[in-house]
Amino acid sequence: MGSHARPLQGLKSSSLRNHTLLLTHTHPFLPLPSIPNPDPPLSVQDSQSAIGGERATAIGDRSSWSSPTGGCGLDSPTSSRSTATGERTTPQVPRGSSAKGREGPASPAPLPRHRSASDCSRLTASRPRTERVAPASLHRSRLAFAVAAIAPSLVVLVSRLALRRLRPMAPQRRGPPRVPEGNSAAERRHANSTKKDRLPQEAQRTWLRIVALGVSLALVTFLLWSSAGIDDDVAEVVAHRGEVLEGRFIEVPCSEDYDGHRRFEGCTPRKCGRGVTDIVITREEAEQIRRIAEKGLSLGGSDGGASILDLHSGALSVGKHFVNLYRYFGDKIQTIFSEEDFQLYRDIRQKVQLTIAEAFGIRASLLYLTKPTFFSRINSTEAQTAHDEYWHAHVDKVTYGSFDYTSLLYLSDYLEDFGGGRFVFMEEGSNKTVEPRAGRVSFFTSGSENLHRVEKVLWGTRYAITIAFTCNPDHGIEDPVLT
Ligand SMILES: O=C(O)CCC(=O)C(=O)O
Ligand SMILES: [Fe+2]
């Protein structure tokens, strides 16, 4: 690594703040939009042009690396097109990955706003398949809270009633029995009989207390279990980390999300579903490409949650923001990445594209790589901004607009490299989980038929690449090139 390849974090944070571009603070990851966003998504009405505006000045002898667009390769929607074979057709404007694209002016792109699961549920409320956004456990949690709130009072009430019934002699306990004075034999007899009566009553009271305590404990346990998260809804692991899947495909009915966008017959999903395969990308390839991610991300990294590296635009998480690696390093970028790195990236993209085309019965050449396509690195550090909360349920088509087919290439192993961090397709009562495994490709149509989330990473570090495809050539982006 050359002299320029030192962590951006090594810069004085104040100068970094002054000179980095503020890109909406968001990661492209999740429900949170951010880096290079596709063209104004047709279906997302509340998109906002959140990027840009702030111009950075030079850091030391480095030239300015900002642009009004925020330095993360926000290019014009009209673009060159990448095909299955990686050729570019009719480039109209330089894209983010080209040297020109990195430096040239670009207009800010509206970004889709982060949507939570409940947003999604509102969005899709009329659709039978996607209404099932609130997971069953959420309902259970609410119920548990309600029960727990009234349960103690109920238990006390029932116990008191029960005790009252069991206590016919209760008034006697308020004071000594009224017996004629001097009748000591009668007094003793009465005292004895009262003691006898009291014994079983006390036993009953103790017994009731134990029952009340037991009920309360059971409720508390239930409540804790219920509110422990929605992961307990995971009903089925569709891809275990330990298995090597040749290919597993599950078809699901398409949502109506695609109707709000221009249709491209032969490509826009008519057949929807999800697939997983472990034989398209080898574990060696996964390891090599992970090294690229490690190299790039070692230069920055977010303050918590997920860190993002987008080789197309150059966007890299640093602290709570993004910087543009390409602008920052200029030609020196070649001291960090090699042509082989980029070639591998392109090869992998192509293999994934062919896999998706085959699974959905479409021509690979009709698919275009779209943005954001990026590496993610997640660890168990607390997210510092709401935008780093990668674990929210979301619909990619809603979040990113241009996505028609999403794919994820995992670069590390669940339970070996990290814990938590499983991918979950959310379906009420029957969530489907994909356990990441290095080299595993998980792909799916991007509409709300595939609402999903990532579990929080509990330990270790999880690496993945999100590779997205669109059917709209205008939303296509080029492969990254090292020039
Ligand atoms: O990394 C994953 O497993 C999922 C990422 C994701 O949902 C996304 O990038 O939209
Ligand atoms: Fe996603």
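Computed from a predicted model, the values in this text were never measured in an experiment. (Residues numbered from 1 in each chain as written. Chains lettered and ligands numbered in written order. Predicted model: local features only at pLDDT ≥ 70, side-chain atom pairs only at ≥ 80, totals over all residues. Heavy atoms only, no water.)

Caption draft 1: Region of interest: the coordination of the iron ion (ligand 2). Protein coordination at the iron ion (ligand 2): the donors are H394 (NE2), D396 (OD) and H452 (NE2), at 2.1 to 2.2 Å from the metal. For the iron ion (ligand 2), the donor residues sit on a single chain with the sequence spacing H-x1-D-x55-H. Pair noted here: H394 is in the loop between strand 10 (368-378) and helix 9 (396-400) and H452 is in strand 16 (residues 452-454), with a separation of 58 residues, a long-range link. The two residues H394 and H452 agree in class, both being buried. (Donors = N, O, S within 2.8 Å, 3.2 Å for Na, K, Ca; no water. Helix = DSSP H or I, 4+ residues; strand = E, 2+ residues; numbered from the N terminus. Buried < 20%, exposed > 50% of the residue type's maximum accessible area, 1.4 Å probe, protein only.)

Caption draft 2: Broad picture of the site of ligand 1. For ligand 1, the set of nearby residues contains 13 residues, the closest of which are H394, Y410, H452, R462 and T466. Note that an oxygen atom of ligand 1 is positioned 2.6 Å from one of the side-chain N or O atoms of Y410. Between ligand 1 and R462 there is a distance of 2.7 Å, counted from an oxygen atom to a side-chain nitrogen or oxygen. With the chains in place, 100% of the 300 Å² that ligand 1 exposes on its own is no longer accessible. Broken down by secondary-structure element, the contributors of at least two residues to the shell around ligand 1 are helix 9, strand 11 (405-410), strand 16 and strand 18 (462-470). Among the residues making up the shell around ligand 1, the classes are represented as 8 nonpolar, 3 polar and 2 charged. (Near = heavy atom within 4 Å. Polar contact = N/O pair within 3.5 Å; in protein donor to acceptor, adjacent residues only side chain to side chain. Areas by Shrake-Rupley, 256 points an atom, 1.4 Å probe, with all protein chains shown as cover. Nonpolar A, V, L, I, M, F, W, Y, C, P; charged D, E, K, R; others polar.)

Caption draft 3: A look at the side chain of T406. Looking at where T406 falls in the secondary structure, it is placed in strand 11. One polar contact links T406 to D396, side chain to side chain, over a distance of 2.9 Å. A distance of 2.8 Å separates the side chain of T406 from the side chain of S446, its partner in a polar contact. Not counting chain neighbours up to four residues away, the residues in contact with T406 comprise D396, S442, F443, F444, S446, T466 and I467. (Contact = heavy atoms within 4.5 Å.)

Caption draft 4: Inspection of a nonpolar patch on the surface at higher detail. Where nonpolar side chains cluster on the molecular surface, the patch consists of W207, V211 and V215 and spans about 280 Å² of accessible area. Note that V215 resides in helix 5 (residues 184-227). (Patch = residues over 30% accessible without salt bridge, like charges linked within 9 Å, V, L, I, M, F, W, Y side chains within 5 Å. Salt bridge = Lys/Arg side-chain N within 4 Å of Asp/Glu carboxyl O.)

Caption draft 5: Representation of the nonpolar core. The biggest cluster of nonpolar side chains holds 48 residues, and the ones touching the most others in it are I289, L311, F337, L367, F375 and Y405. Taken together, the elements giving at least two residues each to this core come down to helix 6 (283-297), strand 8 (315-319), helix 7 (325-329), helix 8 (339-360), strand 10, strand 11, strand 15 (441-445) and strand 18. Ranked by residues supplied to this core, first place goes to helix 8 with 9 residues. Apart from residues no more than four positions distant in its own chain, F375 is found in contact with I289, I292, A293, S307, I308, L309, L311, Y345, L411, A464 and I465. Counting 11 residues, the second largest nonpolar core, distinct from the first, contains F425, V434, F444 and A464. (Core = buried A, V, L, I, M, F, W, Y, C linked by side-chain atoms within 4.5 Å.)

Caption draft 6: Broad picture of the pairing of strand 18. Among the 9 residues that make up strand 18, 9 are buried, leaving the element largely enclosed by the rest of the structure. Residues of strand 18 alternate between two faces, with R462, A464, T466, A468 and T470 on one and Y463, I465, I467 and F469 on the opposite face, all of them buried. For strand 10 and strand 18, the ladder comprises 8 bridges, and the chain directions are antiparallel. Paired with Y368 across the bridge in strand 18 is T470. Across 6 bridges, the pairing between strand 11 and strand 18 is antiparallel. Looking at the pairing, L409 lines up with I465 of strand 18. (Pairing = 2+ DSSP bridges.)

Caption draft 7: Structural context of the pattern of salt bridges. One pass over the structure, following the stated rule, counts 20 salt bridges. Between E455 and R422 there is a salt bridge, with the nearest N and O atoms lying 2.8 Å from each other. Here E455, found in the loop between strand 16 and strand 17 (457-460), pairs with R422, found in the loop between strand 12 (418-420) and strand 13 (423-425); they are 33 residues apart in sequence, far enough to count as distant. Judged by relative accessible area, which is 4%, E455 ranks as buried. Overlapping salt bridges bring together E236, R274, E427 and K432 as one network.

Caption draft 8: Representation of the packing of aromatic side chains. Per the stated rule, a full pass over the model turns up 12 aromatic pairs. With a centroid separation of 5.8 Å and an interplanar angle of 55°, the aromatic rings of F337 and F342 are classed as tilted. An identical accessibility class is assigned to F337 and F342; each is buried. Considering the side-chain rings of Y400 and F403, the 4.3 Å spacing of their centres and the 25° angle between planes classify their relative orientation as stacked. Pairwise contacts between aromatic rings join F249, F360, Y405 and F443 into one cluster. Positioned above the aromatic ring of F425 is the side chain of R274, whose terminal nitrogen or guanidinium carbon lies 4.3 Å from the ring centre. Lying across the ring of W391, K456 places its NZ or CZ 4.3 Å from the centre. (Phe/Tyr/Trp six-rings, centres within 6.5 Å; stacked < 30°, edge-to-face > 60°. Lys NZ or Arg CZ within 6 Å of the ring centre and 35° of its normal.)

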